[in-house]
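Descriptive analysis of the structure
Read off the chains here:
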Amino acid sequence: MTASSPFRALTAPALDLMLKSGASALARNFESRDSVACQREMLQRLVAVGGGTRFGRDHGLAELAGEPIDRLYAQYRRRVPIRTYSDFWNEYFQEGLREENGRKRLLLEDATWPGKIPFFCETSGTTAPTKYIPFSREMFAANKRAALDMTACYLHRNPRSRLFQGKLLYMSGNTNLTDLGDGVKSGDMSAITLRHRPFFLKPFVAPGIRVAALPWEEKVVELAGMLLSDRSIRGISGVPPWIILLLQRVEEMGHRSLSELLPNLELIIHGGTSMKPYRREFDILFRNRLPNYLEVLPSSEAFMAFQLLGEERMRLAPHYGVFFEFVPFEELDERGVPAPDAPAIPLEEIETGRRYAVILTTCSGLWRYHIGDTIRFTDREPLFIEFTGRDKFLDRFEEKVTQGEVEEAVARLNQTGGIEVREFMVGPDIASRRHVWVLAVGEMNERDSGTLERLLDATLRSLNADYATFREQGRIAPPRVVTVEEELIYRWSREVRGKLGGQSKIPHIDPTVDGEMIMSLTEFAGH
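Remember, it's a predicted structure, so these values are computed and weren't measured experimentally.

Before going further, it helps to spend a moment on empty space enclosed by the protein. To find the voids left in a structure, one rolls a probe of water-molecule size over its atoms. Taken as a whole and assessed by the stated rule, the structure comprises two cavities of 30 Å³ or more. Empty space within the largest cavity amounts to approximately 50 Å³. Along its surface, the largest cavity is lined by Leu227, Asp230, Arg231, Ile233, Leu261, Leu262, Pro263, Asn264 and Leu265. Looking at side-chain class alone, the lining of the largest cavity contains six nonpolar, one polar and two charged residues. Quantified by volume, the second largest cavity comes out at close to 30 Å³. Lining of the second largest cavity is provided by Leu108, Glu109, Asp110, Ala111, Thr112, Trp113, Gly115, Ile117, Pro134 and Ser364. By residue class, the composition of the lining of the second largest cavity is five nonpolar, three polar and two charged.

So, about the sheet that holds strand β21 (residues 421–429). With respect to topology, three strands assemble into an open sheet ordered β21-β22-β23, the strand pairing being mixed. What marks the edges here is a single partner per strand, and that holds for β21 and β23 (480–484). Pairwise comparison of adjacent strand axes, ignoring direction, gives a mean angle of 20 degrees for this sheet. Note: β21 against strand β22 (residues 434–441), eight bridges, orientation antiparallel. Directly across from Val421, in β22, lies its bridge partner Val441. The strands touched by helix α13 (residues 403–414) are β21 and β22; relative to β21, the strand with the most contacts, the crossing angle is about 135 degrees. Docked against the sheet, helix α16 (residues 486–497) engages β21, β22 and β23, running at close to 55 degrees with respect to β21.

What follows covers the packing of α13 against helix α14 (residues 449–463). Packed helices, taken two at a time, are described by the angle between their axes plus the distance between the axes. At a closest axis distance of 9 Å, the pairing of α13 and α14 adopts a crossing angle of 130 degrees. Our classification of the angle between α13 and α14 gives oblique. Considering how the two elements wind past one another, α13 and α14 form a crossing that is right-handed. Mapping the contact onto sequence places Glu405, Glu408, Ala409, Arg412 and Leu413 in α13 and Leu452, Leu455, Leu456, Thr459, Leu460, Ser462 and Leu463 in α14. Broken down by class, the residue content of the contact of α13 with α14 amounts to seven nonpolar, two polar and three charged.

A word on the side chain of Thr112. Structurally, Thr112 can be placed in the loop between β2 (103–106) and β3 (119–123). By relative accessible area, Thr112 is classed as buried at 2%. Side-chain polar atoms of Thr112 contact the backbone oxygen of Gly365, separated by 2.8 Å. In this structure Thr112 touches Thr53, Phe55, Phe88, Tyr92, Phe93, Ser364, Gly365 and Trp367, once residues within four positions along its chain are discounted.

All right, on to the domain arrangement of the protein chain then. How big an interface is tends to be stated in terms of accessible area lost as the parts join. For the protein chain, the domain assignment lists domain 1 (138–307) and domain 2 (403–525). Taken over C-alpha atoms, the centre of domain 1 sits 33 Å from the centre of domain 2. Each partner contributes residues to the interface: domain 1 has 11 residues there, and domain 2 has eight residues. Carbon and sulfur atoms make up 55% of the area that domain 1 and domain 2 hide from each other, which totals about 910 Å². There are zero residue pairs in polar contact (both at pLDDT 80 or more) connecting domain 1 and domain 2. Those elements that place two or more of their residues in the side of domain 1 that touches domain 2 are α9 (216–229) and α10 (240–254).

Thresholds applied
- Residues numbered from 1 in each chain as written.
- Predicted model: local features only at pLDDT ≥ 70, side-chain atom pairs only at ≥ 80, totals over all residues.
- Heavy atoms only, no water.
- 1 Å grid on protein atoms, 1.4 Å probe; cavity = no way out; pocket = protein on both sides within 12 Å on 5 of 7 lines; lining within 4 Å.
- Points joined across faces, edges and corners; volume = space filled by probe spheres on them.
- Nonpolar A, V, L, I, M, F, W, Y, C, P; charged D, E, K, R; others polar.
- Pairing = 2+ DSSP bridges.
- Helix = DSSP H or I, 4+ residues; strand = E, 2+ residues; numbered from the N terminus.
- Axes fitted to C-alpha atoms, helices over the stretch in contact; angles between N-to-C directions.
- Contact = heavy atoms within 4.5 Å.
- Parallel < 35°, antiparallel > 145°, perpendicular 65-115°, else oblique.
- Left-handed = near helix turned anticlockwise from the far one by under 90°.
- Buried < 20%, exposed > 50% of the residue type's maximum accessible area, 1.4 Å probe, protein only.
- Polar contact = N/O pair within 3.5 Å; in protein donor to acceptor, adjacent residues only side chain to side chain.
- Domains from an automatic or database assignment.
- Buried area = accessible area lost by both parts, 1.4 Å probe.

Take a look at the structure:
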C-alpha cells in the first residue's frame, strides 16, 4: 500500500478482509435483483425527473408521471420517437453551442436533463467530426455503481484474489480535457473517469495523470516500464489489441516470458471489441499461467453489460441509470438506422437468439436514443448477451469509420481516371490490425494494389480524425486491397452466403464481429 493511501492505518490483510466482506454483500444483492422490475422502476423515475426540461415539456412527460407503468410505457413510446445523435444535436444540443474568441463553448441547461450538464464525452460522429455526448453527474454516479458491482462480484467469486492489495493499470485514451466554458469539460470518457475518480481509489489505479496524458507510443513504453518495475500491479484494463501491444512491449523490454515478468498479474478487464479473435494471442503470451478475464460493454452513453467470473458471456446491466429498448435488426434501414416509430420492445419481451439494435433512455438526457450497437440475448435468466457489432461501422480497432466514409472513399476512387469499382466489401484483419478491401473492378481498370491502398488510406485519413491518428501512431497498419472480377463477388455471395438478389445486397462493411465475412471472401478469391 502506498503512503498516500487513506487506509494506511489498516494492515493489508485487515483491509483485504474488510473489502471482501463488503464485496460479498454487494455481489449477493446484485445477483438477487429482478431485472424487469428494475427497468420498470427506472423508466418511471427517468420520466418523473425529465418532465420539467424543455424535452419533457415538448413530449408531455410530466403528464405521464404517476401513471401505471404499462400505460406509462405505451404513452411514452407513442409520444417520444426514436432519435439518432444528429436528431438530438439539431433539435436540442446545438442551441447551447457558441463561439467566443475562436473557442467553442457548449452549455446545456434544462434542455433534455435537469440542471447543467458538466461533461461531454467526445466521440467520432457520422455527420460531423465530433459528437458531444452529454454525461451528467447522475450518469457518473451510475457508472461508479456499475464498476463497484462488477468488482464486488469478482472478489466474491474469487476469495483468494489479491487485486486490492495492489493496483489496476488503466489503459485510457487521450486524457486531455477541453474547457467548454462555465465549468463544462469535454474529452474521452476514459479521461473524464480517470481525472475525476474518487479520491479513495487513487492509490489503487495507475498510471498517474502525467503518464496517461503522454502520446500513444511514449505511453506504451512508460506503461510497460511500470509493469516491469512495479510488482503491485495486479490488473490491466483496456481494449484487447492495445493490451496485446503493451504485453508484447513488456516481453521485448524484459527479455523473458510474461509468466516470469508479471507473476502477480491476475486480471484483465477488456472491452470495446470482442476478445474472441485475440484469445489465442493472449494464450501464447502467457503460456501456462493465464490471468482471469472479464469483458465489459461500456460506451460514452451508458454502461451496458459486464461479465462475472466463471461465466462465458456478459450479463446485461439494467440497474444503472438506463432504460433499455430493443429494435429487431431486420427493422433497420440500409444505413443501419431504425425509423422513428420502429417496433421497439422492452426487456421483458426480448427473444433469445435474435439480434437487436439497442435503444437507450438515460439519466444524461438521451430519450429513446439509437446508440448504434447491436446485441444478441443468449439466455434470459441470467440476461446473458453477446455483442454483435455496431450497425454500420468499421470499428474493430476503435477507429469508428462510418459506412458513409467508406462509401465516400470508394466514390473518390471512382473519380480517379482508370478506376471503376463496381462492388466492394471492407472488413478487419484482426491478426494484422488492418483493413482488407475487396474491390470488384472492370477488366481494364487499375489493379496495382499499392496504388489503390495509398488512395484509400489517404481518403480515410482526410475523412476521419480517429483513423488518421491511429495510422500515425501505428495502431492500425496500412490497408490491404484485393481486386477481383465483379462476377466473383456475386458468386461468393450465392455459393458461400446463400444470398443473392432481392434485398440481399453485398454488405459494404463486414457485419461480423471477428471479420469472418471478409476473410471468407478473400479466401474464395484466392481459390
